[in-house]
Amino acid sequence: MGRKVTLATCSLNQWALDFEGNLERILKSIEIAKAHGAKYRLGPELEICGYGCADHFYESDTLLHSFQVLRKLLESAVTQDIICDVGMPIMHHNVRYNCRVLFLNRKILLIRPKMVMANHGNYRELRWFSPWNQLRLVLTLPHSDSVTVPFGDCVLSTKDTCIGTEICEELWNPRSPHIQMGLEGVEIFTNSSASHHELRKADQRVNLIKSATTKSGGIYLYANQRGCDGDRVYYDGCAMVVINGDIVAQGAQFSLNDVVCTDMERAVALNCAQREPKPCHRVKVDFSFSSGDDIFLPTHQPITWHFHTPEEEISLGPACWLWDYLRRSGQAGFLLPLSGGVDSSSTACIVHSMCTLLCQAVKDGNGQVLEDVRRVVGDDSYHPQHPGELCARIFTTCYMASENSSEDTCSRARELANQIGSTHMNINIDMAVKGILGIFSVVTGRWPQFRANGGSHRENLALQNVQARVRMVLAYLFAQLSLWARGKPGGLLVLGSANVDESLTGYFTKYDCSSADINPIGGISKEDLKSFLLYCVEQFQLPALRSILSAPPTAELEPLTDGQVSQTDEADMGMTYTELSVIGRLRKISKCGPFSMFCKLIHMWKDALSPTEVAQKVKHFFRMYSMNRHKMTTVTPSYHAESYSPDDNRFDLRPFLYNTRWTWQFRCIDQVVM
């Protein structure tokens, strides 16, 4: 029977370059770990400066301030008598490394640089860091007073066990360091990550961590950042402890708590080790994780991991991301143009979910959340009691009607606003639209007409665009001044509501009301949003969503026919949202161009479409995509939730000026069809 140890792994809501706040959260996590009897505390990747510093990693200030924080940690009484494992950037011989620093009682035990960089999707680590690719090599760095510190590929050997480090991406690599470490007798493995949320991703992470100790045994501690640290991604926690392939402790995936520690008193599983020709360098430390009187400490009991459904993920992840953005931006709430359709209703429901989480956190005694809520609403005595009442204070919705709007969408928006509790306004934009067209008419002597009234395609499109762009201007005007008009301080953040499929085809007006400050649904498909709204009907008791879901999606920018909507999104796009989701995944995840996409779809859609019809769909998509790709350069920053997101900022790097005829590619398709 092995000795028993108490270890702590943490999820911290760190913020890029917030050295003061990051230090406070690290110290708080160490306090919690010690209070639970832990002898080792593991934190997330680059927790001292924050993972999302991006090009600020180039600055000497970032390195300097990280070392200043490290010094504060070393000198603090809080960090005594516990091995602390923290993350920070370090420069050695003019090369920057992403490192773990392990220290005990004011002494740095070792510095472990990251060996495998994350350099795909949202990650660009090779832009700022170099990998430590010298396997088993350990240098000694000068510290002070002739003291040196081991730097490199090494493990920590205590009097009773051996602990080895992995950093994020190294777990996902086919040659993960834990494999060799396990063969050499390492019993405790740690992983410090900055892993972001994507729908349906959590099981991949959990399965990788379970497999790390299934074969050779041992304990695996996983720490991850949580929250929005200033970018489009949300880091989703999930700190966990795994022993011999069994999960024994699980931290929350989504939470409003800035500091969450997951600790476990468990037996160390001795693994079957064999010596490698070039063994790991062991840094010995005169310290024990266990004690001689641990017989009455409980041994571990496996638990079953609770995975959220995609609908739950949408209600929790973007809601937590919105709250982090709001409280850290210094604004007083949100404004949303609410059209009565699926997309804007989804954004509204996410805000309502955020308010529900806030009220529950306050009820549970979370003092930090209560302090932040009071600061946002500008009332030091405020105590939220109900999500609807909190919505009324921080969430403003507005229905922007034109002569082309129907009474149905107006009533749907009003009914949903009433049920979630937002402060709702009805705004008519016809006066502004006619004023702009009047200016055009005075200058040119022409007055454009809709296609339904005999106008050309160009006139029809321009008249739709002017309505959409007026809505954007009015949204920002009301965001800046609506609280002022009510005699309250502060401004509002404008929320967008364009989904990932519309971004793929560019089915939105550039600089319309999809142009906002942030967009919580920009990385989510239409099909997932519909499922999410169905979930919200029961979860939040919002029956108004039923009529919204039953109505056909429409922009309502063209004239009505007998008072009814004549324009629908899927007819305008020339394909269904379901088809778009399939095409989007093939384009990004399967890395398909027009020809290879056609070759896959003729088999996937063989029961519904002929090869000729498939060819028409593929060609139509790529024409729309290439004509409208320029819109992605100015699209609102969106919550990253989908692996086929077309986000141009970092995730999906493509040109924005294409030859929209695709002559060579389409000719290859035509040759197969014929």
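Residues numbered from 1 in each chain as written. Predicted model: local features only at pLDDT ≥ 70, side-chain atom pairs only at ≥ 80, totals over all residues. Heavy atoms only, no water.

An unreviewed UniProt entry annotates the protein as Glutamine-dependent NAD(+) synthetase originating from Sander lucioperca. One UniProt comment on the protein, placed under Subunit (unreviewed entry), says "Homohexamer." (UniProt positions renumbered as here; feature names shortened; annotations may be inferred.)

Caption draft 1: Summary view of the overall build of the protein. For the protein, the helix and strand inventory stands at 20 helices and 21 strands. The globule rule puts the C-alpha radius of gyration for 674 residues at 26 Å, and the 28 Å found for the protein is close to it. If you line up the protein on its principal axes, its C-alpha atoms span 90 × 70 × 45 Å. Excluding contacts between residues fewer than 6 apart, the proportion of contacts in the protein whose partners are at least 24 apart in sequence is 73%. (Helix = DSSP H or I, 4+ residues; strand = E, 2+ residues; numbered from the N terminus. Rg over C-alpha atoms; globule rule 2.2 N^0.38 Å. Contact = heavy atoms within 4.5 Å.)

Caption draft 2: Looking closely at the sheet that holds strand E19 (residues 395-401). Ordered in space as E20-E19-E18-E21, the four strands form an open sheet in which the pairing is parallel. On the outer flanks of this sheet lie strand E20 (423-428) and strand E21 (493-494), each paired with one strand and no other. Bridge count for strand E18 (residues 334-337) against E19 is four bridges, and the pairing is parallel. Pairing of Leu336 across the sheet is with Thr397, part of E19. In this fold helix H7 (residues 342-363) packs onto E18 and E19, with an angle of close to 155° to the strand it touches most, E18. (Pairing = 2+ DSSP bridges. Axes fitted to C-alpha atoms, helices over the stretch in contact; angles between N-to-C directions.)

Caption draft 3: Spotlight on the pairing of E18. Residues Phe334 and Leu336 of E18 are buried on one face, and the alternating residues Leu335 and Pro337, pointing to the opposite face, are buried as well. Here E18 runs beside E21; their pairing, made up of two bridges, is parallel. Of the residues in E21, the one forming a bridge with Phe334 is Leu493. (Buried < 20%, exposed > 50% of the residue type's maximum accessible area, 1.4 Å probe, protein only.)

Caption draft 4: Representation of the packing of helix H18 (residues 594-604) against helix H20 (residues 663-673) within the structure. The contact between H18 and H20 brings their axes to 8 Å, and the two run at 30°. Considering their axes alone, H18 and H20 lie roughly parallel with respect to each other. For the pair formed by H18 and H20, the contact residues are Pro594, Phe595 and Phe598 on the first element and Gln665, Phe666, Cys668, Ile669, Val672 and Val673 on the second. Of the residues contributing to the contact of H18 with H20, the split by class is eight nonpolar, one polar and no charged. (Parallel < 35°, antiparallel > 145°, perpendicular 65-115°, else oblique. Nonpolar A, V, L, I, M, F, W, Y, C, P; charged D, E, K, R; others polar.)

Caption draft 5: The nonpolar core, seen in detail. With 62 residues, the main nonpolar core has Leu322, Phe334, Met354, Phe395 and Leu545 as its most contacted residues. Top element by residues in this core is H7. It accounts for eleven residues. Ignoring anything within four residues of it in the chain, the contact list for Phe395 reads Phe334, Leu336, Ala348, Val351, Ile420, Ser422, Thr423 and Leu495. Of all hydrophobic cores here, the second largest spans 48 residues; its members include Ala16, Ile111, Ala194 and Cys261. (Core = buried A, V, L, I, M, F, W, Y, C linked by side-chain atoms within 4.5 Å.)

Caption draft 6: Unusual backbone geometry, seen in detail. Positive phi outside glycine occurs at Cys168, with the angle close to 40°. Look at Cys168 and you get buried, because its relative accessible area is 6%. In this structure, Asn244 takes a positive phi of about 50° despite not being glycine. Locating Asn244 in the fold gives a position in the loop between strand E14 (240-243) and strand E15 (246-250). For Asn244, a relative accessible area of 36% gives the class partly exposed.

Caption draft 7: Region of the structure containing the pattern of salt bridges. Within this structure, the stated rule accounts for 30 salt bridges. Residue Arg232 is joined to Asp231 by a salt bridge in which the shortest nitrogen-to-oxygen separation is 3.6 Å. For the pair shown, Arg232 and Asp231 are each scored as buried. (Salt bridge = Lys/Arg side-chain N within 4 Å of Asp/Glu carboxyl O.)

Caption draft 8: Just the sheet that holds strand E9 (residues 162-167), in detail. An order of E15-E14-E11-E10-E9-E8-E17 is seen for the seven strands of this open sheet, with the pairing classed as mixed. The two strands at the open ends of the sheet, each matched to only one other strand, are E15 and strand E17 (281-284). Neighbour to neighbour, the strand axes of the sheet diverge by 25° on average, direction disregarded. Relative to strand E11 (residues 219-224), strand E10 (residues 188-193) runs parallel, the two being bridged by six bridges. Paired with Ile188 across the two strands is Ile219, which belongs to E11. Lying on the sheet, helix H5 (residues 202-214) is in contact with E10, E11, E14 and E15; it crosses E11 at an angle near 150°.

Caption draft 9: A look at the environment of Gly43. Considering the arrangement of structural elements, one finds Gly43 in the loop between strand E2 (40-42) and helix H2 (60-75). The class of Gly43 is buried, set by a relative accessible area of 0%.

Caption draft 10: The arrangement of the side chain of Asn122 in detail. Its location among the elements puts Asn122 in the loop between strand E5 (107-113) and strand E6 (138-144). For Asn122, a relative accessible area of 7% puts it in the buried group. Reaching out from Asn122, the side chain makes a polar contact with the side chain of His640 at a distance of 3.2 Å. Here Asn122 is in contact with His196, Val233, His640, Arg650 and Phe651, once residues within four sequence places are set aside. (Polar contact = N/O pair within 3.5 Å; in protein donor to acceptor, adjacent residues only side chain to side chain.)

Caption draft 11: Summary view of the packing of helix H19 (residues 611-628) against H20. The interhelical angle for the contact between H19 and H20, taken along N-to-C directions, is 175°, at an axis separation of 10 Å. Between H19 and H20, the interaxial angle falls into the category roughly antiparallel. Each of Pro611, Thr612, Ala615, Val618, Lys619, Phe622 and Arg623 in H19 lies in contact with H20, whose residues at this interface are Phe666, Ile669, Asp670 and Val673. Its residues assigned to classes, the contact of H19 with H20 shows seven nonpolar, one polar and three charged.

Caption draft 12: A look at the packing of aromatic side chains. Scanning all chains against the criterion turns up 22 aromatic pairs. Seen from their ring centres, Trp321 and Tyr639 are 5.5 Å apart, and the 80° between their planes marks the pair as edge-to-face. Taken together, the residues Trp321 in helix H6 (residues 310-329) and Tyr639 in the loop between H19 and H20 connect sequence positions 318 residues apart. Overall, Trp321 belongs to the buried group, its relative accessible area being 1%. With 5.8 Å between their ring centres and 15° between their planes, Phe621 and Tyr625 make a pair best called stacked. Residue Phe621 and its partner Tyr625 are located together in helix H19, separated by four residues, close to a single helical turn. Here the two residues Phe621 and Tyr625 agree in accessibility, since each one is buried. Through a chain of ring-to-ring contacts, three or more aromatic side chains come together here, namely Phe621, Phe622, Tyr625, Tyr658, Trp662 and Phe666. Above the plane of the ring of Phe651 lies Lys588, whose end atom (NZ or CZ) is 4.5 Å from the centre. Just above the ring of Phe508 sits the side chain of Lys631; from NZ or CZ to the centre is 5.4 Å. (Phe/Tyr/Trp six-rings, centres within 6.5 Å; stacked < 30°, edge-to-face > 60°. Lys NZ or Arg CZ within 6 Å of the ring centre and 35° of its normal.)

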